[in-house]
Amino acid sequence: MNKAINFLKQSYGELRKSTWLSRQEVVQSTILVAIVVALVAAYVGVIDFGLTEVLGAIVGGR
């Protein structure tokens, strides 16, 4: 039990040494991540649609 308490105290001490992002930096990073995810999703969607059409034409689907 003593080891667990010591671990928690040391972990808390290390967290206090960390530098945290400001609220503005977090918001900007979140927006950037959302934009990149949307772009990658659109890219994958276009590739998927194109490959589906090409494969459908080869196999003779619709």
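Heads up: these notes are all about the structure in this document. Nothing here was measured: the structure is a model prediction, and the numbers come from that model.

Section: the overall build of the chain
What the chain contains, in helices and strands, is 2 helices and 0 strands. Compactness check: the chain gives a C-alpha radius of gyration of 24 Å against a globular reference of 11 Å for 62 residues, more than 25% above the reference. When each of the 62 residues of the chain is scored for burial, the buried share is 0%. Summing over all exposed atoms, the chain offers an accessible surface of approximately 6,100 Å²; the carbon and sulfur share of this is 69%. Side-chain charges of the chain comprise 6 positive and 4 negative groups, with the mean position of each set lying 21 Å from the other.

Focus on the environment of Ile 5
Tracing the sequence through the fold places Ile 5 in helix 1 (residues 2-17). Measuring from C-alpha to C-alpha, the distance between Ile 5 and Leu 32 comes to 39 Å, with 27 residues separating the pair along the chain.

Observations concerning a nonpolar patch on the surface
Together, Leu 32, Val 36, Val 40, Tyr 43, Val 44, Ile 47 and Leu 51 give the surface a local cluster of nonpolar side chains, amounting to about 680 Å² of exposed area. Since its relative accessible area comes to 53%, Leu 32 is described here as exposed.

A short note on helix 2 (residues 23-59)
End to end, helix 2 covers 53 Å across 37 residues, agreeing with the expected 54 Å (1.5 Å per residue, within 8%). Once helix 2 finishes, Gly 60 follows within two positions and takes phi at roughly 90°, a positive value.

Cut-off values and rules
Residues numbered from 1 in each chain as written. Predicted model: local features only at pLDDT ≥ 70, side-chain atom pairs only at ≥ 80, totals over all residues. Heavy atoms only, no water. Helix = DSSP H or I, 4+ residues; strand = E, 2+ residues; numbered from the N terminus. Rg over C-alpha atoms; globule rule 2.2 N^0.38 Å. Buried < 20%, exposed > 50% of the residue type's maximum accessible area, 1.4 Å probe, protein only. Areas by Shrake-Rupley, 256 points an atom, 1.4 Å probe, with all protein chains shown as cover. Lys, Arg positive; Asp, Glu negative; His and termini not counted. Charge placed at Lys NZ, Arg CZ, Asp CG, Glu CD. Patch = residues over 30% accessible without salt bridge, like charges linked within 9 Å, V, L, I, M, F, W, Y side chains within 5 Å. Salt bridge = Lys/Arg side-chain N within 4 Å of Asp/Glu carboxyl O. Expected span 1.5 Å × (residues − 1).

Everything listed is a geometric property; what it means functionally is a separate question.
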